[in-house]
Amino acid sequence: MPGHARPAKLFEPALEYSAAGLLGAIFSVGGRCLPRILLGRATIIEREVVQRVLGFLASTAPTSALTTLVYGVAVACGVFTYTSGPDAFGVLVLPQLGGIFLRYVIPFAVANLVILKGVVGLTSDIASMRVSQEVDAIEAVGLHPAEMIFAPRALALIVTAPALAVIGVYAACLGGWLVSWIGVHTDFAEFVAIFVSSVSARAVLIVVVKLIITALTMSVIAGYFGFLSGRAEQGFVGRITTSSAVMAVLAAAVVNVLLIVLSTAFHLE
Amino acid sequence: MTAAPLLSVDGIVIGGSAISFEMRPGEILAVLGSNGAGKSLLLACLSGHLLAPTGTVSVNGRQPHRARCDIGVMFQHHALLRNMTVFENVALPFLVDGLVLREELEKQVLLRLQLVGCGHLAHQDVHRLSEGDKRCVALARALSGQPRLLIADEPVAALAPAKKALVEEFLAGLVGQNALAGIVMATQDVEFAGRVATHYLILEEGGHALVRREDALRDPCYKAFVSPQLS
């Protein structure tokens, strides 16, 4: 009977980076970051967290504002064309526009941005550091690469996502007002008053929590793929980054569905 | 009475043959072999980055990945962190205990950089350095944590003759003055290995050989391999 050749045993990396380990690194660094900064005992890791958060916010805020503005215009236009007339739009749609944006437009736009910029950046950064042995060098000096290079980048995504949502609310509001102004000549102050009245504090809180959980999930996926053990080879970084982005999109959708089911089950929305 | 082994390797299989040897304090081992012979793979096992499927490695009686503070590693592609300055890279091993950069630490880091001839580069970004300078900075970083054993992959590749001579003298001096207990280095530069190493581990197809410097000088087979500069 022909037997299957047993695969030769390979040399394995001494340190593995599991999803649970990466999650632990985020909580560990996140937990001691603020106290150390406040006490003036910030090490290179805490300084890196601050730099990453500010850098990611500065680089994504304009894109986020523009994207949500465009989404705001598109959604408002879509709703406008489906209503029977300007009056119906003003009476039926306007009072709900803020809620619609907050529930459907902003999480989608921000999650897309976080995936495109954050997840892709995080995976390719770590994977290229792995290929160039920078991860090995951090291990060699006794520091933990998950805390040193992954956690600051992951925290940047997690902290920035809710901030982008807040920016998104204003940008989407502006987009909605543009359509409303063109369609039913709504005054800006009047529009903002109606918009704000349809956005409850609880709805904002739910969106913020959703985005934090989504960003946390996506950053762990991005880190896991980045650290995936593989020796340096052609196309390694590109391949692993593509896999990570695809998996992050899938995970964002699954997390979103789960959160909607949970919030409906517990009557949160 | 012989000293306890600094490094002990038993039965690691590379290129189809098992490698076993012991290294004692005061020794400098040069791992020689052609391209793809497994020199870097062996060094990755010795430094604890890779676990071999068979065999064991111990540094001062411990598994290498549990003896990080005893081992300084200089990587083949220097592996300096790109988003940091030269100073920050060399200071990295001091951050293990969460130390905040202080005056004393600055002195220590600058001293190490000066010893490898890179004191003037301290505040430069890593990506601006030449390949040779990056290698010297990587050596300074490998020595920052005050290790007992240095594992260096191609320590003098891409170095100009003057810098190569400096590094050569520096490495031999470190072991000679007991600042380091030992060095394991993989190199293609047999002349350099011939001048610095006390032992040679020669990885060849179908087997390996560990020879002492004196034996290499006497044996025509190894003398030819280690090159005429030994004679």
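If you're wondering where the values come from, they're calculated on a predicted model, not measured in any experiment. (Residues numbered from 1 in each chain as written. Chains lettered and ligands numbered in written order. Predicted model: local features only at pLDDT ≥ 70, side-chain atom pairs only at ≥ 80, totals over all residues.)

Some thoughts on the overall build of chain A
Consideration 1: Tallying secondary structure elements over chain A gives 8 helices and 1 strand in all.
Consideration 2: Listing the helices and strands of chain A from first to last along the sequence gives β-α-α-α-α-α-α-α-α.
Consideration 3: The dimensions of chain A, computed from C-alpha atoms along their principal axes, are 75 × 65 × 35 Å.
Consideration 4: Residues counted as buried form 41% of the 269 residues belonging to chain A. (Helix = DSSP H or I, 4+ residues; strand = E, 2+ residues; numbered from the N terminus. Buried ≥ 20, exposed ≤ 12 C-beta atoms within 10 Å, placed from the backbone.)

Some points on the overall build of chain B
Consideration 1: For chain B, the helix and strand inventory stands at 8 helices and 10 strands.
Consideration 2: By the burial criterion, 44% of the 231 residues in chain B qualify as buried.
Consideration 3: For chain B, contacts bridging at least 24 residues in sequence account for 64% of all contacts bridging at least 6. (Contact = placed C-beta atoms within 7 Å.)

Thoughts on the sheet that holds strand S3 (residues 27-33) of chain B
All names here are of chain B.
Consideration 1: Across the sheet, 6 strands lie side by side as S6-S7-S8-S3-S9-S10; this open sheet has mixed pairing. Across the chains shown, the open sheet's two edge strands, defined by having one partner strand only, are strand S6 (71-74) and strand S10 (207-212). The average angle at which neighbouring strand axes cross in this sheet is 15°, direction not considered. (Pairing = 2+ DSSP bridges. Axes fitted to C-alpha atoms, helices over the stretch in contact; angles between N-to-C directions.)

Focus on the packing of helix H1 (residues 19-38) of chain A against helix H5 (residues 145-184) of chain A
Residue and element names in this part refer to chain A.
Consideration 1: Running from N to C, H1 and H5 point in directions that differ by 75°, and their axes come no closer than 9 Å. Classified by the interaxial angle, the pair formed by H1 and H5 is roughly perpendicular. The residues of H5 that touch H1, namely those facing Gly21, Leu22, Ala25, Ile26, Ser28, Val29 and Gly30, are Ala146, Glu147, Phe150, Ala151, Pro152, Ala154 and Leu155.
Consideration 2: Taken together, the residues that form the contact of H1 with H5 break down as 10 nonpolar, 3 polar and 1 charged. (Parallel < 35°, antiparallel > 145°, perpendicular 65-115°, else oblique. Nonpolar A, V, L, I, M, F, W, Y, C, P; charged D, E, K, R; others polar.)

Focus on the interface of chain A and chain B
Consideration 1: Taken residue by residue, the interface counts 19 residues in chain A and 24 residues in chain B.
Consideration 2: Put simply, the parts of the chain that give the side of chain A that touches chain B at least two residues each are strand S1 (12-13) and helix H4 (134-140) of chain A.

Looking at the pairing of strand S8 (residues 182-186) of chain B
All names here are of chain B.
Consideration 1: In terms of burial, S8 is largely enclosed, as 5 of its 5 residues are buried.
Consideration 2: Every second residue of S8 is oriented toward a common face, with Gly182, Val184 and Ala186 on one face and Ile183 and Met185 on the other, all of them buried.
Consideration 3: Relative to S8, strand S7 (residues 149-153) runs parallel, the two being bridged by 5 bridges. By the bridge assignment, Ile151 is partnered in S8 with Val184.

Structural notes on the confidence of the model for chain A
Residue and element names in this part refer to chain A.
Consideration 1: Taken residue by residue, chain A gives an average pLDDT of 84. The fraction at 70 or more is 93%.
Consideration 2: Per-element averaging of pLDDT across chain A places S1 at the bottom with 76 and H1 at the top with 92.
Consideration 3: Confidence over residues 1-8 falls short of pLDDT 50; this stretch has 0 contacts with residues more than four positions distant or in other chains. (pLDDT = per-residue confidence, 0-100.)

Some points on unusual backbone geometry
Negative phi values dominate among residues other than glycine, just as trans dominates among peptide bonds.
Consideration 1: For A:His185, which is not a glycine, the phi torsion comes out positive at approximately 50°.
Consideration 2: By the secondary structure assignment, A:His185 is in the loop between H5 and helix H6 (188-197).
Consideration 3: We note that B:Asn60 has phi near 55°; this positive angle belongs to a residue other than glycine.
Consideration 4: In this structure, B:Asn60 sits in the loop between strand S5 (56-59) and S6.

Thoughts on the packing of helix H3 (residues 86-131) of chain A against H5(A)
Residues and elements named next belong to chain A.
Consideration 1: Between H3 and H5, the shortest axis-to-axis distance is 7 Å and the interhelical angle comes to 150°. With respect to each other, H3 and H5 are oriented roughly antiparallel. Considering only the axes of H3 and H5, their crossing is right-handed.
Consideration 2: By residue class, the composition of the contact of H3 with H5 is 25 nonpolar, 6 polar and 2 charged. (Left-handed = near helix turned anticlockwise from the far one by under 90°.)

Details of helix H5 (residues 161-176) of chain B
Consideration 1: Taking 1.5 Å as the rise per residue, H5(B) with 16 residues should run 22 Å; its terminal C-alpha atoms sit 22 Å apart, in good agreement.
Consideration 2: Just beyond H5(B), the residue with positive phi is B:Asn178, at close to 65°. (Expected span 1.5 Å × (residues − 1).)

Looking at the environment of B:Gly176
Residue and element names in this part refer to chain B.
Consideration 1: If you trace the backbone, Gly176 turns up in helix H5.
Consideration 2: Look at Gly176 and you get exposed, because 12 C-beta atoms sit within 10 Å.
Consideration 3: Taking the C-alpha atoms as reference points, Gly176 and Glu27, separated by 149 residues in sequence, lie 9.2 Å from one another.

With respect to the sheet that holds S5(B)
All names here are of chain B.
Consideration 1: Here we have 3 strands laid out as an open sheet, ordered S2-S1-S5, and antiparallel in their pairing. For this open sheet the edge positions go to strand S2 (17-23) and S5, each flanked by a neighbour on one side alone. This sheet shows a mean twist of 15° between the axes of neighbouring strands, independent of strand direction.
Consideration 2: Pairing of strand S1 (residues 7-14) with S2 involves 6 bridges; the strand directions are antiparallel. Bridging from a neighbouring strand, Leu7 pairs with Met23 of S2.
Consideration 3: Those strands touched by helix H1 (residues 39-46) are S1, S2 and S5, and its axis lies near 135° from that of S1.

Considerations on H5(A)
Residues and elements named next belong to chain A.
Consideration 1: Look at H5: 56 Å from first C-alpha to last across 40 residues, which is about the 58 Å you get at 1.5 Å a residue.
Consideration 2: At Ala151, H5 shows its maximal bend, which comes to roughly 40°, and the proline Pro152 appears one to four places after that position.
Consideration 3: Taking burial as the measure, the 40 residues of H5 include 28 buried ones, the bulk of the element.
Consideration 4: Backbone geometry just downstream of H5 places His185 in the positive-phi region, at approximately 50°. (Bend = angle between axes of the 7 residues up to and from the residue.)

Some thoughts on the confidence of the model for chain B
Consideration 1: On average, residues of chain B score 86 in pLDDT, and 90% of them reach the 70 mark or higher.
Consideration 2: Note on the complex model: pTM 0.83, ipTM 0.86.

Section: the nonpolar core
Across soluble globular proteins, nonpolar side chains have a tendency to be buried as a group.
Consideration 1: A:Ile106, A:Val110, A:Val114, A:Met218, B:Val31 and B:Val184 are the most contacted members of the largest nonpolar core, which has 144 residues in total.
Consideration 2: No other element matches the 20 residues that H5(A) contributes to this core.
Consideration 3: Not counting the four nearest positions on each side in its chain, B:Val184 is found in contact with B:Leu7, B:Met23, B:Leu29, B:Val31, B:Leu43, B:Leu46 and B:Ile151. (Core = buried A, V, L, I, M, F, W, Y, C linked by C-beta atoms within 7 Å.)

Description of the environment of A:Phe27
Consideration 1: Checked against the element boundaries, A:Phe27 lands in helix H1.
Consideration 2: Along the chain, A:Phe27 and A:Ala151 lie 124 residues apart, while their C-alpha atoms are 8.4 Å from each other.

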